[in-house]
Amino acid sequence: MTIAVCPGSFDPITLGHVDVVRRASAMFDEVVVALGRNAVKHHLFSLEERRTFAEEAVCDIPNARVDVIPGLLAEYCTQIGACAIVKGLRSGADYESEQAMSLMNRHLSGVETIFVMGDPAFGHVASSLVKDVAFHGGCIDDLVPAHVAQALARVRREREIKEK
Ligand code: PNS
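Residues numbered from 1 in each chain as written. Predicted model: local features only at pLDDT ≥ 70, side-chain atom pairs only at ≥ 80, totals over all residues. Heavy atoms only, no water.

*Asks:* So what exactly am I meant to see when it comes to a nonpolar patch on the surface here?
*Replies:* A contiguous nonpolar surface patch, about 270 Å² in accessible area, is contributed by L72, M104 and L108. For L72, the position within the fold is in the loop between β3 (64-68) and α3 (73-80). In this structure L72 comes out as partly exposed when scored by relative accessible area, which is 43%. (Patch = residues over 30% accessible without salt bridge, like charges linked within 9 Å, V, L, I, M, F, W, Y side chains within 5 Å. Areas by Shrake-Rupley, 256 points an atom, 1.4 Å probe, with all protein chains shown as cover. Salt bridge = Lys/Arg side-chain N within 4 Å of Asp/Glu carboxyl O. Helix = DSSP H or I, 4+ residues; strand = E, 2+ residues; numbered from the N terminus. Buried < 20%, exposed > 50% of the residue type's maximum accessible area, 1.4 Å probe, protein only.)

Here it is as structure tokens:
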């Protein structure tokens, strides 16, 4: 049985992420969408919220499940017997940042990272951009699952009330 891990901070999960999970699910027996903490990012949503959003987003992919990385991703991969980490690439800039992480994870546990090119329709979709657009009143309906768009709209309303 082949297990792959699609890791990320998923703050929140986007349709670009779901596209990558779907592609991985066609190549491996099981795909674990694994939520991790990115030490250099401030997360908008709590771990539980991000987990719930991810679970709902991939619920129609039968061989995908969601989990939380308790510590190091490399150790988690060894623990669950994953043979690969799968990450999506949108651009050369993604490659630059992903290269160091993939080499570090291989250094730590020998796990290989496989990069897939996502659907170009999502080439401009990043969680950080989606949040920025949403908080400035832009439409993100075709960039994130509907439940995520609703959650971002709720946060925007809460922020507006606080600012009044
Ligand atoms: O979506 P992101 O923010 O690019 O995801 C980064 C993430 C969560 C995959 C990465 O920060 C991670 O693996 N965190 C777990 C801790 C860890 O293993 N850090 C070393 C990474 S080489």
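Here the narrative resumes, following the displayed structure.
*Asks:* Any chance you could explain the site of the ligand here in plain terms?
*Replies:* S9, R37, N38, K41 and L73 are the nearest of the 14 residues found near the ligand. Contacts to the ligand include S9, whose side-chain N or O atom sits 2.7 Å from an oxygen atom. Measuring from an oxygen atom of the ligand, one finds a side-chain N or O atom of N38 at 2.8 Å. More than half of the atoms of the ligand fall within 2 Å of the grid points belonging to the largest pocket. Those elements that place two or more of their residues in the shell around the ligand are β1 (3-8) and α4 (92-109). The element best represented in the shell around the ligand is α4, accounting for 3 residues. Here the residues of the shell around the ligand are counted per class, giving 5 nonpolar, 6 polar and 3 charged. (Near = heavy atom within 4 Å. Polar contact = N/O pair within 3.5 Å; in protein donor to acceptor, adjacent residues only side chain to side chain. 1 Å grid on protein atoms, 1.4 Å probe; cavity = no way out; pocket = protein on both sides within 12 Å on 5 of 7 lines; lining within 4 Å. Sits in = over half its atoms within 2 Å of the grid points. Nonpolar A, V, L, I, M, F, W, Y, C, P; charged D, E, K, R; others polar.)

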